[in-house]
Amino acid sequence: MRSSVSAFVAVFTCLTASAADRPFAELPYTPSLDVQAMDRSVDPCDDLYTFACGGWQKRNPIPADQSSWSVYRKLNTEMQQYVWGILEEAAKPAANRSATRQRIGDYFAACMDEKAIDARGLAPLQPALQQIESLRNVNELPKLLGQLHASMFTSGLLFNSGSQQDAEDASKMISGVYAGGLGLPDRDYYVKDDDRSKETRTRYEQHVTKMFELAGDTSSIAAGRAKTVLRIETALAKASLTRVEQRDPYKIYHRTTLAQLQKETPEFDWNTYFTTVGFNPQPWLNNAEPKFLAEMNRVLGAESLADLKTYLRWGVLDAQAPYLSKPFVDQNFAFYSAYMRGVPEQRPRWKKCVAWIDRDLGEALGKEFVEKTFPPSVKEKTLAMTRQIQDAMKVRIEQLDWMSPDTKRQALAKLQKMRNKIGYPDQWRDYAALRIEPKDFYGNVLRSMDFEIKRQAAKVGQPVDRNEWGMTPVTVNAYYDAAKNDINFPAAVLMPPLFDPKSDDAPNYGNTGGTIGHELTHGFDDEGRQYDGDGNLNDWWQKKDADEFERRAQCVRNQYAQYTVIDDIKINSELSSGEDIADLGGLILAWIAWQEQTKNQRLRPLDGLTPAQRFFVGFAQWDCANERPEDLRLSAIVNPHSPPKYRINGVVVNMPEFAQAFECKAGKKLVKKPEEVCRIW
Ligand SMILES: [Zn+2]
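Note that this is a predicted model, so its numbers are computed, not measured. (Residues numbered from 1 in each chain as written. Predicted model: local features only at pLDDT ≥ 70, side-chain atom pairs only at ≥ 80, totals over all residues. Heavy atoms only, no water.)

Novice: Would you mind showing me how to read the packing of helix 19 (residues 376–399) against helix 22 (residues 505–522) here?
Specialist: Pairs of packed helices are described in terms of their axes, by the angle between the two and the distance that separates them. As a packed pair, helix 19 and helix 22 sit with axes 10 Å apart at the nearest point and diverge in direction by 60°. On the basis of their axis angle, the class for helix 19 and helix 22 is oblique. Here helix 19 and helix 22 pass one another in a crossing that is right-handed. Between helix 19, through T382, M385, T386, Q388, I389, Q390 and M393, and helix 22, the contact on the second element is made entirely by N508, Y509, T512, G513, I516, G517 and L520. Here the residues of the contact of helix 19 with helix 22 sort into six nonpolar, eight polar and no charged. (Axes fitted to C-alpha atoms, helices over the stretch in contact; angles between N-to-C directions. Helix = DSSP H or I, 4+ residues; strand = E, 2+ residues; numbered from the N terminus. Parallel < 35°, antiparallel > 145°, perpendicular 65-115°, else oblique. Left-handed = near helix turned anticlockwise from the far one by under 90°. Contact = heavy atoms within 4.5 Å. Nonpolar A, V, L, I, M, F, W, Y, C, P; charged D, E, K, R; others polar.)

Here it is as structure tokens:
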């Protein structure tokens, strides 16, 4: 993934609108190389990031409703404002509204009606809370959990389930059961003993207490119940894999039959659960983390029914708080955004509604968006660039001096099979079965989740849909999917300032070319290289070549492990290595593609920068950013991407082409000795 923006956005909740907020009738234009974003007083040979982004950092303070601010986030906000305009239009009841416009417009109208939402208070949740209360024994839990998962899928209550491609046979869709059940953003928060982790646990316990009070408990009962929640979640956390362990695909794949799973976890009737939730676990499923399920089984046997109910009640309150009345929304914000990320203000309601519509009706909204903003000419241009990057990788593989011909053949075969998807899906998702009401916000949320889980469940046993997208067209991000072996670039990530049809080639190749190269390289990073061209977990490497790859990957890990995120926290480069390898490989590919693109052109300096300098400044400006300290601390634990400064400086320090472009002398901070340069692809 290129950025963690979209993953973070969904967490926020907000109520107040600032005066500057308005829907956009047109998308604003920023050039792909923005000279005003630069700070030319800084020597690029010491710090390219600040040279390219220092001006941007000064002129773009973090808005009060954001945990950090960056070129991607700013563009994302502009997209939201543009989409806001589409939704306001669509919400007007007109006789000739299309079914698509009616659906997104009605969702928006219901979502914006805060008065109606506040008036309902906790009422929308009462049926679920009542179901939990009437649980008579632990044997009834699988059915209840199935019902709760089916209607509130995203909550991951106790554990997660879903459908996935089978890692050993990627042509098949199977069911999967995964770790889950935690309220804090990572298992580390429950197990680490440093002062900050302890403080976070105390603050979390206070937050759980307050939420129980809002749901009607007395203070002393609420405080006791919060301790129960912490005890159960801590047990689950201790049995969960770390984020680094989860990067090993073999550690999260355990093909098993339903009978075998039942034998290993006798306290939980899986047949009832799967039947209720609608998943078919035949002939086998993936028990991603057996140790986690074993611990869950132990918890179910050891905890009293009353305490299990307390845990379930918390899980439902926690997952649904953003959709309830103001007191719940405020308390949820106070902990997850204000305390955990340092965000001073809640986001305006419209932003939240735009984000939820993008999540729940993303391809209906995306269709409207693409028709207005993404002309075929841009699709053609970016597709051509993507092909050049794929060609560049072919050249690189053929030229590698450390890989044997046998492994090269396999790598080229995988590259050959890699598909690219640009802009939007060929076939839009059909939402006809999803009922959206103009006056029932909470019902819309629940029915959307139900629609999504049914869609996931229906995949099991069916052929893999290789045309499906994992991101919506309005998303400012991109991804590589190892199981499908494809690279995906939503329309919104192919717009200025990231890709600028009006610009010279250099900044476009540095920026969007680098992004395309980044996603492609994920297919060949330390995680992605373990999959073959068909998406199967399959070791196609000669031992000697695999060792050589590892040695080179370790060079990257050692380099990034020296960078400080904040305070005394260094980058966890075991977690970030896939992204760091993709950043490095991506820019090398973009450079080769740019050379190829311009080989017969006579290029001239522009804005006081040579063409090669424009390539590197364009690259650096993809990630100009400002960050809050709280958000950096959280990112150090959960975010696989290194901080922006190192995603720029950490890459170019390994490219002699950069030192040459800026005529950097030996001894400068971004000039390595040749023998210290890390290079994989
Ligand atoms: Zn990535």
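Novice: Quick question: what am I supposed to make of the pairing of strand 3 (residues 173–178) here?
Specialist: A regular strand places its side chains on the two faces of the sheet in alternate fashion. Taken across its six residues, strand 3 has five buried, putting it largely inside the fold. Across six bridges, the pairing between strand 2 (residues 160–165) and strand 3 is antiparallel. Bridge pairing in strand 3 links Q165 to M173. The sheet contact formed by strand 3 and strand 5 (residues 285–287) spans three bridges and is parallel. Among the inter-strand pairings, S175 is bridged to a residue of strand 5, identified as L285. (Buried < 20%, exposed > 50% of the residue type's maximum accessible area, 1.4 Å probe, protein only. Pairing = 2+ DSSP bridges.)

Novice: When you look at the packing of aromatic side chains in this model, what are you seeing that I'm missing?
Specialist: Aromatic ring pairs are described here by two measures, namely the spacing of the ring centres and the angle between the planes. According to the stated counting rule, one finds 42 aromatic pairs in the structure shown. Each ring, one from W270 and one from F274, has its centre 5.9 Å from the other, and the planes form 35°; the classification is tilted. One end of the pair is W270 and the other is F274, both in helix 13 (residues 270–277) and four residues apart, which spans about a single turn. Owing to a relative accessible area of 1%, F274 belongs among the buried residues under this scheme. Between Y273 and F274, the ring centres sit 5.4 Å apart and the planes meet at 70°, which makes this aromatic pair edge-to-face. Residues Y273 and F274 agree in their burial class; the two are buried. Among the aromatic residues, ring-to-ring pairing joins F51, W591, W594, F615, F616, F658 and F662 into one connected group. Taking NZ or CZ as reference, R255 lies 3.9 Å from the ring centre of W284, over its face. Over the ring of Y29 we find K502, and its NZ or CZ is 4.0 Å from the ring centre. (Phe/Tyr/Trp six-rings, centres within 6.5 Å; stacked < 30°, edge-to-face > 60°. Lys NZ or Arg CZ within 6 Å of the ring centre and 35° of its normal.)

Novice: Explanation requested: the nonpolar core in the structure shown.
Specialist: Side chains that are nonpolar tend, in soluble globular proteins, to be buried together. Membership of the largest hydrophobic core comes to 198 residues, with the highest contact counts inside it found for W270 and F616. With 10 residues, helix 3 (residues 71–91) is the single largest residue contributor to this core. Not counting residues within four places of it along the chain, the set of residues in contact with F616 comprises L48, L587, W591, V652, M655, E657, F658, A661 and F662. (Core = buried A, V, L, I, M, F, W, Y, C linked by side-chain atoms within 4.5 Å.)

Novice: Explain the coordination of the zinc ion to me, please; I cannot follow it from the model alone.
Specialist: Around a metal, the ideal angle is 109.5 degrees if four donors adopt a tetrahedral arrangement and 90 or 180 degrees if six donors adopt an octahedral arrangement. Coordination sphere of the zinc ion, protein contribution only: M1 (N), M1 (O), H518 (NE2), H522 (NE2) and E579 (OE), at 1.9 to 2.4 Å. Positions of the donor residues of the zinc ion, expressed as sequence spacing, correspond to M-x516-H-x3-H-x56-E. Placement of the pair is H522 in helix 22 and E579 in helix 24 (residues 573–597), with a sequence separation of 57 residues. The same class applies to H522 as to E579, namely buried. (Donors = N, O, S within 2.8 Å, 3.2 Å for Na, K, Ca; no water.)

Novice: Is there a simple way to explain the state of the cysteines in this structure?
Specialist: Note on terminology: a disulfide is the covalent bond linking the sulfur atoms of two cysteines. All chains considered together, the criterion is met by four disulfides. In this model, C111 is linked to C353 through a disulfide, with the two sulfur atoms separated by 2.1 Å. Judged by the torsion about the S-S bond (-90°), the C111/C353 disulfide is left-handed. Within this pair, whereas C111 is found in helix 4 (residues 99–112), its partner C353 is found in helix 17 (residues 349–360), the two being separated by 242 residues in sequence. Each member of the pair, C111 as well as C353, is classed as buried. The disulfide that involves C555 links it to C678, with 2.1 Å between the sulfurs. A torsion of -80° about the S-S bond marks the disulfide between C555 and C678 as left-handed. With a gap of 123 residues between them, C555 in helix 23 (residues 543–560) and C678 in the segment after helix 28 (656–661) connect regions that are remote in the sequence. Since its relative accessible area comes to 1%, C678 is described here as buried. In the protein chain, the bonded cysteines, taken in the order they occur along the sequence, pair up as 1-7, 2-6, 3-4, 5-8. (Disulfide = S-S within 2.5 Å.)

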